[in-house]
Structure formats: C-alpha cells, structure tokens
Amino acid sequence: MTARIHNIGIDCRDTYALAGFWAQVFECPRQPDDLPGDPEAMLLPEGGPEVLFLAVPEGKTVKNRLHLDLEPTDRTRDEEVARLLGIGATHVADHTRPDGSGWVVLADPEGNEFCVLRSAAERAAQG
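Keep in mind that what you see is a predicted model, and the values were worked out from it rather than measured.

Structural notes on helix α2 (residues 77-86)
No. 1: Of all the residues in α2, the buried ones are R77, E80, V81, R83 and L84. All buried residues of α2 lie within an arc of 165° about the axis, which places them on one face of the element. Residues of α2 that are exposed and point over 90 degrees away from its buried face: D78 and G86.
No. 2: Along its buried surface, α2 packs onto α1 (15-26), β4 (68-70), β6 (104-107), β7 (113-116) and α3 (120-126).
No. 3: Looking one or two places after α2, you find G88, whose phi comes out positive at around 125°.

This is the structure:
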C-alpha cells in the first residue's frame, strides 16, 4: 500500500488573506464558503493537492522546514517572479547560475518561503 498527498497545510494568522494570495499564485478561486476570520481556508489548484490554510496564534519565526517549488507552465521563471512580486510576494534570494539554471526564493505575505524554478520550456531550450 502507498500513500499520496491529500493536502498541504500552511499555518498562518489570516487564512482568508493568505489563501487569497495563493489563489492568485495558482490562478484558482478560493472555496466559495471560506470567509474572513474563518479558522481554515482551502484551495484546489488544478493538477495539485489541496492547499489548506490553518489559523495558528504564533507567527513564523524560523526558516521553513518544508517549502513549495513552483514551475511556471506558460511563462519564464523571470516573468513568473515578476508576477508574484506584483501580487505581494517578497524577494528573499536569487540562486540563478550563469547558465540559467537555479531558482529564486520568494516569501508569501506571512513570510513562508517558496522557490520559483525555470519552466520546462526554458530547460528544454538549454538542452
């Protein structure tokens, strides 16, 4: 017997606001019954597991032990980084290499880090 990921849980202070940010990242709607102040919010991104936002009283204090690596599907890494910065992400670090490989580390509005990789098209073009 095997296991599969049912959902990815993200602790946060404001479930509705953070789900709103990630809804823009994944370009999917929030669940219609999620309301401001709810202790949980849920997203169902196409092709991925559910993303569950859970209200917790404490703030983030250290580096994430688990993070998401995002791969743009219809744009370049740089275009995706610019889009995400435009919707509220913050730049943490740039680990791109001279040959174009590597990744960019961003953080969501509550400080949770995630990485943006090159798209499949960018990787294929490099050979």
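Now that the structure is up, let's keep going.
Here's the deal with the UniProt feature "domain: Glyoxalase-like" (unreviewed entry) in the protein chain
No. 1: UniProt tags residues 8-117 as "domain: Glyoxalase-like" (unreviewed entry).
No. 2: As a span, residues 8-117 carries 20% helix and 28% strand, and end to end its C-alpha atoms are 19 Å apart.

Let's talk about the sheet that holds β4
No. 1: Ordered by their spatial adjacency, four strands build an open sheet running β4-β7-β6-β5, and the pairing between neighbours is mixed. Every other strand in the sheet has two partners, leaving β4 and β5 (90-94) as the edge strands with one partner each. Adjacent strand axes in the sheet meet at a mean angle of 30° when their direction is disregarded.
No. 2: Summarising the sheet, β6 and β7 pair through four bridges and their orientation is antiparallel. Its bridge partner lying in β7, V104 is registered against V116.
No. 3: Where α1 meets the sheet, its contacts fall on β4 and β7, and the angle it forms with β4 comes to roughly 35°.

Cut-offs applied
Residues numbered from 1 in each chain as written. Predicted model: local features only at pLDDT ≥ 70, side-chain atom pairs only at ≥ 80, totals over all residues. Heavy atoms only, no water. Buried < 20%, exposed > 50% of the residue type's maximum accessible area, 1.4 Å probe, protein only. Helix = DSSP H or I, 4+ residues; strand = E, 2+ residues; numbered from the N terminus. Arc of directions from axis to C-beta. Contact = heavy atoms within 4.5 Å. UniProt positions renumbered as here; feature names shortened; annotations may be inferred. Pairing = 2+ DSSP bridges. Axes fitted to C-alpha atoms, helices over the stretch in contact; angles between N-to-C directions.

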